Amino acid sequence: MTTETRQPTAPLDSGFRRNDVAAPLDSRVRGNDVASARNDDMSGGNDVASARNDVASSGNGESPVAGDAILSVRGLETQFFTDEGVVRAVDGVDFDVLPGTTMGIVGESGCGKSITAKSILQIVEAPGRITNGEINYNPSGDAGSATDLLSLGANSDAMRSIRGGEISMIFQEPMTSFSGLHTFGNQIDETLRLHTNLSKQERFDLGVDWLARVGIPNPTQRMHEYPFRFSGGQLQRAMIAMAMCTNPRVLIADEPTTALDVTTQAQILDLLQRMQEENDMAILFITHDLGVISEIADDVTVMYLGKVVETGPVFSFFDEPKHPYSKALLTSIPSMFTSSRERLPSISGSIPHPQNRPMGCAFHPRCQSFMAGTCDVGEPELQSVNEEQEVSCFLYEGQ
Ligand SMILES: Nc1ncnc2c1ncn2[C@@H]1O[C@H](COP(=O)(O)OP(=O)(O)OP(=O)(O)O)[C@@H](O)[C@H]1O
Ligand code: SF4
Ligand SMILES: [Mg+2]
């Protein structure tokens, strides 16, 4: 696999060279590497990476990939092996992200959005483990040149070079994503040192530039401050700066604007969209906020209890949602025509814990279109219902 040179978008373009032997993005990842190494020990080293390396005939991790997706997730399964039993957090997830586009991932709390994202970077914490699937990464776009990231292994040099550099992530919990022992400047410097060949001064200037771009006042001074001096919203913006500063090809943004006021949220979304246009960056955007999805996403994947229930273009999702869960999600958000005193419909019942997965279609206890004897017996498969949308629901079986 080749690691291409890319240019950062900030003013310090000259001299930027991606470092081929880059290491993890931050201490969080180092901790997770240890966690995943521990998982290997616990499981006798039988994780997907080593299993696939054993059977791979070429041994170089190359595998076919659908279309010209830069990221193609297939059959991804991630489970937590707890004392109380196995939690199937991600249970066979498939989706594609095309270069220069945004895939929105939506679904209620606990449906597996963050664990899907962490699985892509192989930073799932113990006792979690990826048990199946492929994550095909194809930065060149050439047919047949994709790399299955899971075949690289979480601690390999190749994966360390991709993680935090070519594929970076804005984490959902900014508070826990920085080290309290180092200044913000030290932490962004570490990331840039690992993923670029910039000089120390250039790294500092780029850090200042990125803090300014995400709207943090006095950026030069803030570079010297510890994360506890940042407010929650400032920390979230600082993390966005950290994720963007390496000019990633794929940005995974897990609820990136949740802690921000609407004005800052709009500025950040604008910044992401500009970065995308400038660099053809692909974005995997996880959010509860369907308003944000309508603004930023090209495609949408709806998850329910660890599975994809619907995927397709964003306009089809809003204009003609197919899955009863998608329809219910959409009717539970206010529209311009909702009067201020009108009570919004909510989805009946609550999302079950993955350990208590209902028989048949997992949504059946809450579904208005439930068909006894069908929906509580078999499990619907994700299938195309037209040229653009895929849905897993018995209502569309045989169409
Ligand atoms: N360390 C863990 N041990 C056991 N189960 C876990 C662990 N971490 C996550 N899970 C379970 O995995 C499932 C998916 O979690 P995940 O964090 O991906 O949800 P989410 O869709 O991101 O939710 P939210 O919208 O609240 O962020 C949940 O049922 C959660 O309880
Ligand atoms: S398969 Fe049945 S229960 Fe599930 S969403 Fe479709 S109609 Fe509802
Ligand atoms: Mg989450």
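Keep in mind that what you see is a predicted model, and the values were worked out from it rather than measured.

Draft legend 1. View of the nonpolar core. Ala-238, Ala-241, Val-250, Ile-252, Leu-284 and Tyr-304 are the most contacted members of the largest nonpolar core, which has 91 residues in total. Per element, the largest residue contribution to this core is eight residues, and it comes from helix α9 (residues 232-244). Structurally, this core is a two-domain feature, drawing no fewer than three residues from each of domain 1 (27-288) and domain 2 (302-396).

Draft legend 2. The arrangement of the environment of Asn-356 in detail. Along the polypeptide, Asn-356 turns up in the loop between α13 (324-331) and β12 (383-384). In sequence terms Asn-356 and Val-87 are 269 residues apart; their C-alpha atoms lie 9.0 Å from each other.

Draft legend 3. Main features of the sheet that holds strand β13 (residues 390-391). Reading across from one edge, β7-β8-β9-β4-β10-β11-β13-β12 is the order of the eight strands in this open sheet, with mixed pairing throughout. Only two strands of the sheet have a single partner each, and these edge strands are β7 (167-170) and β12. Direction of pairing for strand β8 (residues 250-254) relative to strand β9 (residues 282-286): parallel, over a ladder of five bridges. Looking at the pairing, Asp-254 lines up with Ile-286 of β9. Packing of α9 onto the sheet brings it into contact with β7 and β8, and relative to β7 it is tilted by some 180°.

Draft legend 4. A look at the packing of helix α6 (residues 184-195) against helix α7 (residues 200-213). The geometry of α6 relative to α7 is characterised by a closest axis approach of 9 Å and an angle of 120° between their N-to-C directions. The orientation of α6 with respect to α7, classified from their angle, is oblique. Considering how the two elements wind past one another, α6 and α7 form a crossing that is right-handed. Across the interface between the two elements, Gly-185, Ile-188, Asp-189, Leu-192 and Arg-193 of α6 pack against Arg-203, Phe-204, Leu-206 and Gly-207 of α7. When grouped by side-chain class, the residues that make up the contact of α6 with α7 number four nonpolar, two polar and three charged.

Cut-offs applied
- Counting restarts for each chain, with residues numbered from 1 along the sequence as it is written.
- Each chain takes a letter, starting from A, and each ligand takes a number, starting from 1, following the order in which they are written.
- Local features are withheld for residues below a pLDDT of 70 in this predicted model, meaning they are given only at 70 or higher, and side-chain atom pairs are given and counted only at 80 or more; totals for whole chains, interfaces and linings count all residues.
- Linking buried Ala, Val, Leu, Ile, Met, Phe, Trp, Tyr and Cys residues through C-beta atoms within 7 Å yields a set, and such a set is a nonpolar core.
- Residues with at least 20 other C-beta atoms within 10 Å of their own are called buried, those with 12 or fewer are called exposed, and the rest are partly exposed. The C-beta atoms themselves are positioned from the backbone.
- Counting from the N terminus, the helices are the DSSP runs of H or I reaching at least four residues and the strands are the DSSP runs of E reaching at least two.
- As annotated, the domain borders come from an automatic or database domain assignment.
- For two strands to be treated as a pair, DSSP must find no fewer than two bridges joining them.
- We call two residues in contact when the distance between their C-beta atoms, placed using the backbone, is within 7 Å.
- Orientation is described by axes fitted as lines to C-alpha atoms, over the contacting stretch for helices, and by angles from 0 to 180 degrees between their N-to-C directions.
- For classification purposes, an angle smaller than 35 degrees is called roughly parallel, one larger than 145 roughly antiparallel, one from 65 to 115 roughly perpendicular, and anything else oblique.
- Should the near helix be turned counterclockwise from the far one by less than a right angle, the crossing is left-handed, whereas a clockwise turn marks it as right-handed.
- Amino acids outside the nonpolar list (Ala, Val, Leu, Ile, Met, Phe, Trp, Tyr, Cys, Pro) and the charged list (Asp, Glu, Lys, Arg) are all regarded as polar, and Gly is one of them.

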